[in-house]
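If you want the building blocks of each chain, they are given just below.
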Amino acid sequence: MIKKILIANRGEIAIRVMRACREMGISSVAVYSEADQEALFAKYTDEAYCIGPPPATASYLNIRKLIEVAKASGADAIHPGYGFLAENPKFARACEEEGIKFIGPSSRVLELMGDKVTARREMMKAGVPVVPGTDECVAEFGEARDIAREIGYPVIIKPSGGGGGIGMTIVADEGELATALKSTQAIATTTFGLCDVYLEKYLSNPRHIEFQILGDSKGNAIHLGERECSIQRRHQKLIEESPSPAVTPAMRARMGKIAANAAKFVGYEGAGTMEFLFSGGRFYFLEVNARVQVEHPVTEMVTGVDIVKEQIRIASGLPLSLKQKEVRMNGSAIECRINAEDPLNDFVPSPGKLRNYHAPGGTGIRVDSGVYTGYTIPPFYDSMIAKLIVWGRDRHEAIIRMRRALYEYMIVGIKSNIPFHRAVMENPRFVKGELGTHFIETETTLMEDMKVVMEREKPLGEKLSRSFEERKKIAAIAAVAAVARMHRTG
Ligand code: MV4
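Conventions adopted
- Residues numbered from 1 in each chain as written.
- Predicted model: local features only at pLDDT ≥ 70, side-chain atom pairs only at ≥ 80, totals over all residues.
- Heavy atoms only, no water.
- Buried < 20%, exposed > 50% of the residue type's maximum accessible area, 1.4 Å probe, protein only.
- Helix = DSSP H or I, 4+ residues; strand = E, 2+ residues; numbered from the N terminus.
- Pairing = 2+ DSSP bridges.
- Axes fitted to C-alpha atoms, helices over the stretch in contact; angles between N-to-C directions.
- Contact = heavy atoms within 4.5 Å.
- Near = heavy atom within 4 Å.
- Polar contact = N/O pair within 3.5 Å; in protein donor to acceptor, adjacent residues only side chain to side chain.
- Areas by Shrake-Rupley, 256 points an atom, 1.4 Å probe, with all protein chains shown as cover.
- Nonpolar A, V, L, I, M, F, W, Y, C, P; charged D, E, K, R; others polar.
- Core = buried A, V, L, I, M, F, W, Y, C linked by side-chain atoms within 4.5 Å.

Caption draft 1: Representation of the pairing of strand β21 (residues 384-392) in the model. The buried fraction of β21 amounts to 8 of the 9 residues, a majority that puts the element mostly inside the structure. Bridge count between strand β14 (residues 332-339) and β21: 8 bridges; the pairing is antiparallel. Looking at β21, one finds that Glu-335 is bridged to Ile-389. With 5 bridges joining them, strand β19 (residues 365-369) and β21 adopt antiparallel strand pairing. When the sheet's bridge partners are listed, Val-367 is paired in β21 with Leu-388.

Caption draft 2: Representation of the sheet that holds strand β8 (residues 197-201) in the model. Sheet architecture is open: 3 strands sit in the order β7-β6-β8, paired in antiparallel fashion. The sheet terminates laterally at β7 (169-171) and β8, the two strands that pair on one side only. When the angles between neighbouring strand axes are averaged without regard to direction, this sheet yields 25°. Pairing between strand β6 (residues 155-159) and β8: 5 bridges, direction antiparallel. Each residue of the ladder has a partner; that of Ile-157, found in β8, is Leu-199. In the packing of helix α7 (residues 141-151) onto the sheet, the strands contacted are β6 and β8, and the crossing angle to β8 comes to about 15°.

Caption draft 3: Expanded view of unusual backbone geometry. Between Tyr-153 and the following residue, Pro-154, the backbone shows a cis peptide bond with an omega angle of -5°. A positive phi is found at Asn-205, a non-glycine position, where the angle reads about 45°. The phi torsion at Asp-346 lies on the positive side, around 55°, for a residue other than glycine. For Asp-346, the position within the fold is in the loop between β15 (341-342) and β16 (348-349).

Caption draft 4: Representation of the site of the ligand in the model. As a matter of local geometry, the ligand sits amid 16 residues, with Lys-158, Glu-200, Lys-201, Leu-203 and Glu-275 nearest to it. Here Lys-158 contributes a side-chain N or O atom positioned 2.9 Å from a nitrogen atom of the ligand. Measuring from a nitrogen atom of the ligand, one finds a backbone N or O atom of Lys-201 at 2.7 Å. Here the ligand loses 88% of its free accessible area of 540 Å² to cover by the protein chains. Classifying every residue of the shell around the ligand by side-chain character gives 7 nonpolar, 4 polar and 5 charged.

Caption draft 5: How the structure looks around the nonpolar core. In terms of nonpolar packing, the biggest core is built from 121 residues, with Leu-6, Met-123, Ile-239, Met-274, Ile-338 and Phe-420 touching the most fellow members. Ranked by residues supplied to this core, first place goes to helix α9 (residues 249-266) with 8 residues. In contact with Met-274, other than residues within four places in its own chain, are Met-123, Val-128, Ile-209, Glu-210, Phe-211, Ile-213, Ala-259, Ala-262, Phe-285, Glu-287 and Val-288.

Caption draft 6: Broad picture of the pairing of strand β11 (residues 236-242). For β11, the buried fraction is high: 6 of the 7 residues fall into the buried class. Pairing analysis gives 4 bridges linking strand β10 (residues 221-233) to β11, with the strands arranged antiparallel. Opposite Arg-233, over in β11, you have Gln-236 as the bridge partner. Linking two consecutive strands that pair antiparallel, namely β10 and β11, is a turn of 2 residues; a positive phi of about 45° is found at Arg-234 within it. Looking at chain direction, β11 and β14 are connected through 4 bridges and run antiparallel. Counted as the bridge partner of Ile-239 is Cys-336 from β14.

Everything listed here is a matter of coordinates, which is why it stays silent on function.
Structure, rendered in structure tokens:
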């Protein structure tokens, strides 16, 4: 069994992993940049080491430094969280070579899944339905033209080294193809250092639905149902839920089995996600996310499975703690990503000091966060400061509970996207479960709705912070008066 884990990450996910460590009797080692000295995760841990200056390239992405700290601290495993080095085959290989257990799939599987063309081919071999498109990367205009004619326009050109939507180009007709191919290859080269691109049929406004999978070192693989993540903006997910309102139990059983079998087929070890587009009642494989994801808590809330604990068990060589027939989905969970950004001003980042912070609580609420009152959010990393997750017996109860939790949330000193979430929770199409990846663009009233919702009912935090600020002012005046009195009386 693993005894000590170095967490090669920051913020809420570092704390999420440390919480699992505490419950399992495993000690944790934090690494932090100079900008994260005062961050909650750097205090929560048993041991902490500064690994360099604020830019991630100088700290959280420094493979040699991370390995050095792991060895010096006697950690026998590294948990990479999400982002940073989580899916980096070079990092996994460095761990493998140094005899440190990388908590995630092998470097071979990370390599296979990191190249999107290879991943597509592997999934086709495993019997997973993929979007119609190429099974090799396309280099020449002639190949692209022939394939596009075969599958029909519109098509989408994607960088093979990419993922998550960066550098993709939608092509409406053959007239646009040559330019689009050239520019996507150029972006692919500059962004991912690999000019390889591939072509797919473009699906308009599909749902984004993903299956959570777990595979152990004994060759077992199960699925924990799906999450729907259709509410996104510029490839950033904002709201996720489980189960998807569009998936029936029969569809879940069928696709889940396909996803788990595919995991077995590639020798997948650890927690992972298979992403699909869902359109016209059909699933089309997109990519594998070979890590624990931001939105994993919604699956934990409906299945009761602790995904991070399973990751650690799997990395320790233990079998999965449950069988597929023991997985039960109960009720409905929704997650809102709480970001330090201004939704009324094109969602620009809003770092700075949290003058006051109080998270919601009560029945069915979970908050995963890495901040506290008085903490200053640094400008160097992503703007997510918390995840608000609610559970309800059904989707309706979960929505009502989310509205209640958003009312309770107090964030003073910086702007947050809470007004956006309040508007979505009131949106008739959201409430009906009519979702799609273009939801935010097509719901054109959302921006106005935010102001209306905030006016109609002031959040609890505003009432609280007004009296809090008053008390602080009175306390300051009293202190000055006391000093003055002291001077008078000598
Ligand atoms: C697509 C697609 C439509 N058809 N693939 C975006 C995230 C990444 N994981 C995959 N993405 C998409 N892939 C096919 N075949 C639509 C998206 C997509 C998208 C693409 C370009 C610009 C904005 C987008 C927003 C949501 C989804």
